[in-house]
Amino acid sequence: MRFTVAIDGPAAAGKGTISKAVAAYFDLGHLDTGLLYRAVGRKVLDAGMDPVQAAKTLMAEDLNAEGLRTAAVAQAASKVAVIADVRAALVDFQRAFATRSGGAVLDGRDIGTVICPRAEAKLYVTARAEVRAHRRWLELSEKDPSLTLEQVLADVEARDARDRDRIEAPLVAADDALVIDTSDLAISEAVAKAVAHVQSCK
Ligand code: C5P
């Protein structure tokens, strides 16, 4: 059976946690599409590769690479993500995953709008920038204790602006997405809302 759940939203809004929980609850595959852009960004940073070439030659193994979750790679990812040919090179992989038998959850920025506009269930997960930066800072400062909350907030805001203002597949909620603001919700409450919405789309 084909069943696609599209989950979009800005950085550190809780998409990843919600996507994993929804995938586990309904026994669906899960693809974090941010990893594709991070893997391309990493090749550009580390090997000086041309971004379009890096996207065209991306392999599934690249998504498991260590070090994709750093602030530097996140910025590099959002820079390569503005390039139309980079995005185009990543479409087939994402659509193939979305239509796999057994169903799938994909999370990213343009899943409900561009990659899977006909997804059976759509969510747009968001939160206030300060709340998102604080969450990301808690995560990243474990590895890098010198990182300040202000730096992380500036990074998150720069990335949001780049994602929202780009011409190609900008970050925006699909008209038919349920918006969940997780700023004042416990994880369990946010997950319960998401699961209830997906259930209602089945
Ligand atoms: O979700 P994550 O923070 O890992 O995404 C990293 C960057 O990849 C985002 O800031 C965005 O620029 C880009 N991205 C995108 N489209 C997606 C997923 C991620 O443009 N579907």
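About the thresholds
Residues numbered from 1 in each chain as written. Predicted model: local features only at pLDDT ≥ 70, side-chain atom pairs only at ≥ 80, totals over all residues. Heavy atoms only, no water. Near = heavy atom within 4 Å. Polar contact = N/O pair within 3.5 Å; in protein donor to acceptor, adjacent residues only side chain to side chain. Nonpolar A, V, L, I, M, F, W, Y, C, P; charged D, E, K, R; others polar. Helix = DSSP H or I, 4+ residues; strand = E, 2+ residues; numbered from the N terminus. UniProt positions renumbered as here; feature names shortened; annotations may be inferred. Buried < 20%, exposed > 50% of the residue type's maximum accessible area, 1.4 Å probe, protein only. Contact = heavy atoms within 4.5 Å. Pairing = 2+ DSSP bridges. Axes fitted to C-alpha atoms, helices over the stretch in contact; angles between N-to-C directions. Parallel < 35°, antiparallel > 145°, perpendicular 65-115°, else oblique. Left-handed = near helix turned anticlockwise from the far one by under 90°.

**Overview of the site of the ligand**
For the ligand, the set of nearby residues contains 14 residues, the closest of which are Arg38, Arg87, Arg159, Asp163 and Arg166. Between Arg87 and the ligand, the recorded distance is 2.7 Å, taken from a side-chain N or O atom to an oxygen atom. For the shell around the ligand, the class distribution of residues is three nonpolar, four polar and seven charged.

**Observations regarding the side chain of Ser141**
Within the element layout of this structure, Ser141 appears in the loop between α7 (129-140) and α8 (149-165). Polar side-chain contacts of Ser141 include one of 2.6 Å to the backbone oxygen of Trp137.

**Some remarks on the environment of Ser146**
Tracing the chain through its elements places Ser146 in the loop between α7 and α8. A distance of 2.7 Å separates a polar atom in the side chain of Ser146 from a polar atom in the side chain of Asp144.

**Regarding the UniProt feature "binding site: ATP" (unreviewed entry) in the protein**
In the numbering used here, UniProt assigns the "binding site: ATP" (unreviewed entry) feature to Gly9, Pro10, Ala11, Ala12, Ala13, Gly14, Lys15, Gly16 and Thr17. On the secondary structure map, Pro10 appears in the loop between β1 (4-8) and α1 (15-26). A relative accessible area of 0% places Pro10 in the buried class. Look past the residues within four positions of Pro10 in its chain and what remains in contact with it is Lys15, Arg109, Tyr124, Val125, Thr126, Arg132, Asp160, Arg164 and Leu171.

**Overview of the UniProt feature "domain: Cytidylate kinase" (unreviewed entry) in the protein**
UniProt's feature table lists "domain: Cytidylate kinase" (unreviewed entry) at residues 5-199, given in the numbering used throughout. The straight-line gap between the two end C-alpha atoms of residues 5-199 is 11 Å; of that span, 53% is helix and 12% is strand.

**Looking at the sheet that holds strand β5 (residues 178-181)**
Taken in spatial order, the five strands of this open sheet run β2-β3-β1-β4-β5, and their pairing is parallel. Across the chains shown, the open sheet's two edge strands, defined by having one partner strand only, are β2 (29-32) and β5. On average, adjacent strands in this sheet sit at an angle of 20 degrees to one another, irrespective of strand direction. For β1 and strand β3 (residues 104-108), the ladder comprises five bridges, and the chain directions are parallel. Following the sheet pairing, Asp8 is matched in β3 by Gly108.

**Examining the packing of helix α4 (residues 71-80) against α8**
Helix-helix packing: each pair is described by the crossing angle between the helix axes and the interaxial distance. Axis separation between α4 and α8 bottoms out at 9 Å; the angle between their running directions is 15 degrees. By the angle class used here, α4 and α8 are roughly parallel. α4 and α8 meet at a crossing whose hand is left-handed. Packed against α4, whose contacting residues are Ala71, Ala74, Gln75, Ser78 and Lys79, the element α8 presents Asp155, Ala158, Arg159, Arg162 and Asp163 at the interface. Among the residues making up the contact of α4 with α8, the classes are represented as three nonpolar, two polar and five charged.

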